[in-house]
Amino acid sequence: MAGLSVALALSATCAFSALAADPKPDAAINTKSIEARVFLDDGIKADAALAADCLTEGKTWLNKNAAEAAAARKADPQFFKEGGWEFERKYEIRSVVADRYVSVLRNDYMNTRGAHPNSDVNTILWDKAANKRISIRPFFTETADKGPAMKAMVTAIITSLKAEKKKRGAGETATDEWFKGVEPSLLKIGAVTLAPSTEAGKSSGLTFHYPPYAVGPYAEGEYVAFVPWEALKPYLSAEGTRIFGGARPKGDAQGQ
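The model shown is predicted, which means the values in this text are computed figures rather than measured ones.

Cut-offs applied
Residues numbered from 1 in each chain as written. Predicted model: local features only at pLDDT ≥ 70, side-chain atom pairs only at ≥ 80, totals over all residues. Heavy atoms only, no water. 1 Å grid on protein atoms, 1.4 Å probe; cavity = no way out; pocket = protein on both sides within 12 Å on 5 of 7 lines; lining within 4 Å. Points joined across faces, edges and corners; volume = space filled by probe spheres on them. Helix = DSSP H or I, 4+ residues; strand = E, 2+ residues; numbered from the N terminus. Nonpolar A, V, L, I, M, F, W, Y, C, P; charged D, E, K, R; others polar. Pairing = 2+ DSSP bridges. Axes fitted to C-alpha atoms, helices over the stretch in contact; angles between N-to-C directions. Contact = heavy atoms within 4.5 Å. Expected span 1.5 Å × (residues − 1). Buried < 20%, exposed > 50% of the residue type's maximum accessible area, 1.4 Å probe, protein only. Phe/Tyr/Trp six-rings, centres within 6.5 Å; stacked < 30°, edge-to-face > 60°. Lys NZ or Arg CZ within 6 Å of the ring centre and 35° of its normal.

K.L.:
Teacher, can you tell me more about the layout of surface pockets here?
P.N.:
Left-over empty space is what a probe sized like a water molecule reveals as it rolls over the atoms. Looking at the largest pocket, its volume works out to about 330 Å³. Around the largest pocket sit 17 residues that line it, and Ile134, Ser135, Ile136, Leu186 and Val192 are the ones nearest its centre. Taken together, the elements giving at least two residues each to the lining of the largest pocket come down to strand 5 (118-127) and strand 7 (191-195). Ranked by residues supplied to the lining of the largest pocket, first place goes to strand 5 with four residues. In terms of residue class, the lining of the largest pocket is built from nine nonpolar, six polar and two charged.

K.L.:
How should I be thinking about the sheet that holds strand 4 (residues 101-111) in this particular structure?
P.N.:
Where strands meet in a sheet, backbone hydrogen bonds hold them as pairs that are either parallel or antiparallel. Strands sit in the order 1-2-3-4-5-6 across an open sheet of six strands; the sheet is mixed. Among the strands making up the open sheet, the edge pair consists of strand 1 (27-30) and strand 6 (132-134). Neighbouring strand axes in the sheet, compared pairwise and without regard to direction, differ in orientation by 25° on average. Pairing of strand 2 (residues 34-40) with strand 3 (residues 85-97) involves seven bridges; the strand directions are parallel. The residue bridging Arg37 from the neighbouring strand is Glu88, located in strand 3.

K.L.:
Can you help me understand the sheet that holds strand 7 in this one?
P.N.:
The three strands are arranged 7-8-9 in an open sheet whose pairing can be described as antiparallel. Each of the sheet's edge strands pairs with one partner strand only, and the pair in question is strand 7 and strand 9 (223-228). For this sheet, the mean angle separating the axes of adjacent strands, direction not counted, is 25°. Inspection of the sheet shows strand 8 (residues 205-210) paired to strand 9 by six bridges, in the antiparallel sense. Of the residues in strand 9, the one forming a bridge with Phe208 is Ala225. Strands in contact with helix 4 (residues 148-168) are strand 8 and strand 9; relative to strand 9, the strand with the most contacts, it is inclined by about 130°.

K.L.:
Any chance you could explain helix 4 here in plain terms?
P.N.:
Taking 1.5 Å per residue, 21 residues should reach 30 Å; helix 4 reaches 31 Å between its end C-alpha atoms and fits that length. The complete set of buried residues in helix 4 reads Ala149, Met150, Ala152, Met153, Val154, Ala156, Ile157, Ser160, Leu161, Glu164 and Lys165. After helix 4 finishes, the residue Gly169 shows a positive phi value of roughly 75°.

K.L.:
What exactly am I supposed to notice about the packing of aromatic side chains here?
P.N.:
In this description, an aromatic ring pair is defined by two values, namely the gap between the centres and the angle between the planes. Within the structure shown, the criterion is met by seven aromatic pairs. Between Phe139 and Phe244 the ring centres are 6.2 Å apart and the planes differ by 85°, which places this aromatic pair in the edge-to-face class. Residue Phe139 is found in the loop between strand 6 and helix 4, and its partner Phe244 is found in the loop between helix 6 (238-243) and helix 7 (250-254); the two are separated by 105 residues along the sequence. Judged by relative accessible area, which is 0%, Phe139 ranks as buried. Relative accessible area serves as the criterion here: at 5%, Phe244 is assigned to the buried category. Clustering of aromatic rings is evident, with ring pairs tying together Trp61, Phe80, Trp85 and Phe87. Between the NZ or CZ atom of Arg168 and the centre of the ring of Tyr223, over which it lies, the distance is 3.8 Å.

K.L.:
Explanation requested: unusual backbone geometry in the structure shown.
P.N.:
Glycine aside, residues mostly have negative phi, and peptide bonds are mostly found in the trans state. You will see that Ala98, though not glycine, has its phi angle at about 55°, which is positive. You can see Ala98 is positioned in the loop between strand 3 and strand 4. For Lys146, which is not glycine, the phi torsion reads 65° and is therefore positive. As for its position among the elements, Lys146 is in the loop between strand 6 and helix 4. Residue class for Lys146 comes out exposed when judged on its relative accessible area of 62%.

Below, the structure is given as structure tokens:
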């Protein structure tokens, strides 16, 4: 009995510690229809303008999904017998380049009690000097749809994706059919971040982030394609030339 009491006490202590260690969401909605949370990492919270921007977007996302969950529960309550929907969004800094350009990963988890949960990934490029979101356009001399720079990016992205698929043993899906969604257009090429570099203050190139289903079957999960800055050197603007340099750190490549 004494041993059992000790075991129960330890179990309770561990459970309490786990709960205490769970981070507190920066915004949340909990109803019978949905449990939804938004988290900002510490780096984002340290920048008041960036934090406010992400939190405003996150709260809009929470409210939209809460309304959809409530409507779905009202229409088909039988699908909520095992609980409500679960949604989670995390904003995390991926890199800070030239002490100005902040790349943020936005990862979503969505469970609507279907066959399996779903996930999505998107990105934000934040200009600290202007306190606003920007695109990668300022780093290139031209970014026209189907222009030379965008075509060069697509070629490098597909080369990277094929190599990653081969590494995963998924070469059979390294086909034009799966890559047709990667188009030479800023709005259709994929969610992009500035990759970190071995050279302080620089970026080693661009990383493009694709959620499940985007460039492969759901079972293959998320893909990250890396495009080294040297592949885009002919198209760099003066600002692009200033911020790109060095090589991709080994740890960054291993973590994709």
